[in-house]
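Coordinate inspection notes
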Amino acid sequence: MELVVVAISGVQRFISESLSTADLHAGSALMAELAWAMLTVVPPSRLVLPSKLPDEQGRVPSRVVVLSDDGAGRDLAGKMAKSAQAAWEKRLARALSGKPVPKTPGFPAVQWVVAPFEDGGYAEGWSAAQAALRARKRIRGFPGYHVRPLAICTLTGRWAAEPPSDGGRSKSVAHRREALSAVGYVKFRYGRQESDRFPSTWSIATAPYRDAIIRVGEDDAEVWGAAVDLKDACERLGAAGESRLGTALRRSSTLRGLATSTEETLRWLNEVEGSWCLADSWDPAQLRRAHDLAEDPDHALCMPGREAARRLVRKAQAAGIPAPSSYLAVLAQDADHLGERLGRFPQGIDPVTWQRQVSAALDNIAGRQVDDIELSHLGRVVYAGGDDLLALVPAERVLAAAREANRLFADDHELNELLDKPSASSAIVFFHASWPLQSAIAAARELLKDAKKRSRPGLGITVLTRGGERTRVVLPWLDRSGQVPVPAITHLEDLVAATAGPLSGRLASGLEVDRDALSELSQEWLERELARRALRHGIAAGKAPAVGRLLASLCVPVPGGRDFTDCADSLLVARFVAGQARVPA
């Protein structure tokens, strides 16, 4: 027998090369489509990872492990690579609509290795294949090709932009300032024309606000009437504005977990682009920039919309609904040492069967994670493989979403039967809805690496405001100071509730200044000192002791050093989340 490993290289990079959520979704979907194409030429009985064709194409792993007969591995791997290439060329031809199809050297990059195994069995073949694949990754193919000096693709930043053959293609599908390569054009088109629309950053950020209004429904006439006025203002602007603006107003991008209604206005609020719910979005100059219009929209049409958005916020707040947030978060999760664990075959069980069982368990976990994030927390998953996860979640919901996603992985009964104490590290990056999406995704990937260096499992959280990084904290996922380990993210959730209301910002700065002195205190005296400071800076007397304990639990030693991570940054994170959720004091 031979073990064949085929992998699509550069998946995360391709996905992260995104200027919008539509690009982000398209990158993930296109990679899954190519991986699916590889699987179609493999007999189902020879699949190992994944153990079977997934129920959903979006959950196909980019690395596939299959079995082949002796001497047939090279041929099978070649067929899998050609199938992925053919699927890409078909997608490319469809996107370019009959125009000359250019070459896309270096994409897709499919790498494969074949490892025979006999007396040593599957375990020996697995080790040989992993070693060969690590070596293969260090080799890059550079097919020769010639292009005239052209602009670089504004979406991918890697390939030369393709000049529009008809002189107008780019203007019809992209901003006038964009120049797209063939790869970038496929991604751009897929995300906007050939798939379900992926909600924008604004739609995800405002989801809790819109959800609460829809749930109130027509029971509150004031809130409902304000929503009617906003809908009317959008329709008038869409009817009188440029076609690009009208298209943006007509497009729908629903979230699975958002409340639904049969009433016309509330159904519209479920589907509308979330930015229209914020008064600042109605500024004529901003609308021109955001939608690449030839000129500012009519001021007389924009002002009623701005006032309607403000009125809806006021009426919603009167009904106990917090104002909409302009922030959301990237949630990234990755299993710890899973590659190594897959090579530690247990005694008494066929290794192929065992790996197939692990694959099936991960697929089940991925499905539950997607449902929880999208139905319970109003987020949207970009990809989920069980062992890895990338999602966009409203700022006020992401701590709970991250905690539950991690629990679904680490506490899964089936996976724990197969692996010894599986764990996953997580990263959360808060960012403004107008912040460059590509930068937020890149920050999440780097933060996840730092979280894994800090501890496995680890937790990293960064707050990016419009002025740049506001705060950053990296902690072990578990607080093991008590008798029962507690997720550090639970402490942060408790701190969000405890610090809601009037709290002086000087508390965090004082903790940071006195970091060295605080590190010398025993746990008991640290709790007392932190409680005293919390009381002094605005925490209610009844809450101060609990806040002191929470802050002390977030002060942890740094491995290999005498220093410690203080709680100042954790406090800033908690205050930020409380501010986005408008948590009542």
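Scroll up to find the structure.
Right, let's walk through the structure included here. Since this is a predicted model, take the numbers as computed values, not measurements. (Residues numbered from 1 in each chain as written. Predicted model: local features only at pLDDT ≥ 70, side-chain atom pairs only at ≥ 80, totals over all residues. Heavy atoms only, no water.)

Points about the overall build of the protein
Stated formally: Each helix is a run of DSSP H or I of at least 4 residues and each strand a run of E of at least 2, with the numbering of both proceeding from the N terminus. This radius of gyration counts C-alpha atoms alone. The globule rule is 2.2 Å times how many residues there are, raised to the power 0.38. The rule is simple: take the accessible area with a 1.4 Å probe, protein chains only, and divide by the maximum for that residue type; under 20% is buried, over 50% is exposed, in between is partly exposed. By the convention used here, residues are in contact when the closest approach between their heavy atoms is within 4.5 Å.
Assigned secondary structure in the protein consists of 24 helices and 14 strands. Computed over its C-alpha atoms, the radius of gyration of the protein comes to 26 Å, within 12% of the 25 Å expected for a compact globule of 585 residues. If you line up the protein on its principal axes, its C-alpha atoms span 75 × 70 × 45 Å. For the protein, with 585 residues in total, the buried portion stands at 54%. The contacts of the protein with a sequence gap of at least 6 include a subset with a gap of at least 24, amounting to 71%.

Quick look at the sheet that holds strand β10 (residues 468-476)
Where we set the bar: One bridge is not enough; two strands pair if DSSP finds at least two bridges between them. Axis definition: a line fit to C-alpha positions, over the contact stretch in the case of helices; interaxial angles, taken between N-to-C directions, run 0 to 180 degrees.
Strand order in the open sheet formed by six strands is β6-β7-β5-β8-β9-β10, with mixed pairing between adjacent strands. Among the strands making up the open sheet, the edge pair consists of β6 (380-384) and β10. Strand-to-strand twist of the sheet, defined as the mean angle between neighbouring strand axes without regard to direction, takes the value 10°. Pairing analysis gives six bridges linking strand β8 (residues 424-432) to strand β9 (residues 458-465), with the strands arranged parallel. Residue pairing for β9: Ile428 is matched across the bridge by Ile461.

Let's talk about the sheet that holds strand β2 (residues 47-49)
With antiparallel pairing, the four strands of this open sheet are ordered in space as β2-β3-β1-β4. In this open sheet, the two edge strands, each paired with only one partner strand, are β2 and β4 (110-116). Mean inter-strand twist for the sheet, computed between neighbouring axes without regard to direction, equals 25°. Here strand β1 (residues 2-8) pairs with strand β3 (residues 63-68) via six bridges, running antiparallel. Across the sheet, Glu2 pairs through a bridge with Ser68, a residue of β3.

With respect to the pattern of salt bridges
Applicable threshold: Take a side-chain nitrogen of Lys or Arg and a carboxyl oxygen of Asp or Glu: if they are within 4 Å of each other, that pair is a salt bridge.
Applying the stated criterion across every chain, the model contains 30 salt bridges. Here Glu17 ties to Arg13 by a salt bridge, and the two come within 3.3 Å at their closest N and O atoms. Across the salt bridge formed by Glu374 and Arg380, the nearest N and O atoms sit 3.6 Å from each other. Since its relative accessible area comes to 17%, Arg380 is described here as buried.

Considering the side chain of His432
Our working definition: Each polar contact in these results corresponds to two N or O atoms within 3.5 Å; when the atoms are within protein, one needs to be able to donate a hydrogen and the other to accept it, and residues that are neighboring in sequence are counted only if both atoms are side-chain atoms.
With respect to the helices and strands, the residue His432 is situated in strand β8. Only 2.7 Å separates the side chain of His432 from the side chain of Ser434, close enough to count as a polar contact. If we skip the residues at most four places from it in the chain, His432 touches Trp202, Ser326, Tyr327, Leu328, Leu464 and Arg466.

Thoughts on the nonpolar core
What counts, and what does not: For the purposes of this section, nonpolar cores are sets of buried Ala, Val, Leu, Ile, Met, Phe, Trp, Tyr and Cys residues that join through side-chain atoms within 4.5 Å.
Core analysis: the largest hydrophobic core is formed by 102 residues, its most contacted members being Met38, Trp276 and Val330. If sequence neighbours within four positions are ignored, Trp276 has contacts with Leu230, Cys234, Leu237, Leu245, Ala248, Leu249, Trp282, Leu287, His291 and Ala309.

Describing the environment of Leu478
With respect to the element layout, Leu478 can be found in strand β11 (residues 478-479). The spacing of Leu478 and Gly458 is 20 residues in sequence and 7.9 Å in space, taken between C-alpha atoms. Leaving out residues up to four positions away in the same chain, Leu478 has contacts with Pro485, Val486, Pro487 and Ala488.

What to know about the side chain of Arg210
Defined as follows: Counted charges follow a simple rule, with Lys and Arg positive, Asp and Glu negative, and His plus the chain ends left uncounted.
Structurally, Arg210 can be placed in helix α8 (residues 207-216). In this structure, Arg210 is buried with no salt-bridge partner, the nearest side chain bearing the opposite charge being Glu273 at 7.6 Å. Reaching out from Arg210, the side chain makes a polar contact with the backbone oxygen of Leu269 at a distance of 3.0 Å. Within polar-contact distance, the side chain of Arg210 engages the backbone oxygen of Asn270 at 3.2 Å. In contact with Arg210, other than residues within four places in its own chain, are Ser203, Leu255, Leu258, Leu269, Asn270, Val272, Gly274 and Cys277.

So, the state of the cysteines
For clarity, the cut-off: Disulfides are defined as pairs of cysteine sulfur atoms found within 2.5 Å of each other.
Per the stated rule, a full pass over the model turns up zero disulfides. Unpaired in terms of disulfides, Cys277 finds its nearest cysteine sulfur in Cys234, a separation of 7.7 Å. The cysteine Cys302 is free of any disulfide, with Cys234 supplying the nearest cysteine sulfur at 10 Å.

Here we look at the packing of aromatic side chains
For the record, the criterion: Pairing of aromatic rings covers Phe, Tyr and Trp, the last counted by its six-membered ring, and requires centre-to-centre distances within 6.5 Å; plane angles under 30 degrees mean stacked, over 60 mean edge-to-face, and any other angle means tilted.
This model, assessed by the stated rule, comprises 11 aromatic pairs. Pairing Tyr122 with Phe345 gives two aromatic rings, centres 5.8 Å apart and planes at 80°, and the pair type is edge-to-face. Highlighted residues: Tyr122 in helix α4 (residues 121-137) and Phe345 in the loop between α14 (338-341) and α15 (351-376), separated in sequence by 223 residues. No difference in accessibility class separates Tyr122 from Phe345, as the two residues are buried. For the pair Trp126 and Phe345, a centre-to-centre distance of 6.4 Å together with 85° between the ring planes defines the contact as edge-to-face. Taken together, the positions of Trp126 in helix α4 and Phe345 in the loop between α14 and α15 put the pair 219 residues apart, joining distant regions of the chain. Side by side, Trp126 and Phe345 carry an identical accessibility label, which is buried. Here a set of aromatic residues connected by ring pairs shows up, and it is made of Phe117, Tyr122, Trp126, Phe345 and Trp354.

Some thoughts on helix α11 (residues 264-271)
The periodicity of an α-helix, 3.6 residues per turn, causes residues three or four places apart in sequence to face the same way. Buried residues of α11: Thr265, Leu266, Trp268, Leu269 and Asn270, and no others. Lining the buried residues of α11 we find α8 and α9 (221-240). Between the side-chain oxygen at the start of α11 and the backbone nitrogen of Thr265 there is a gap of 2.9 Å, and the oxygen is on Glu263.

Here we look at the pairing of β1
The element β1 is extensively covered by neighbouring structure, given that seven of its seven residues are classed as buried. One ladder, built from seven bridges, connects β1 with β4; its direction is antiparallel. Note on β4: the bridge partner recorded for Ile8 is Val110.

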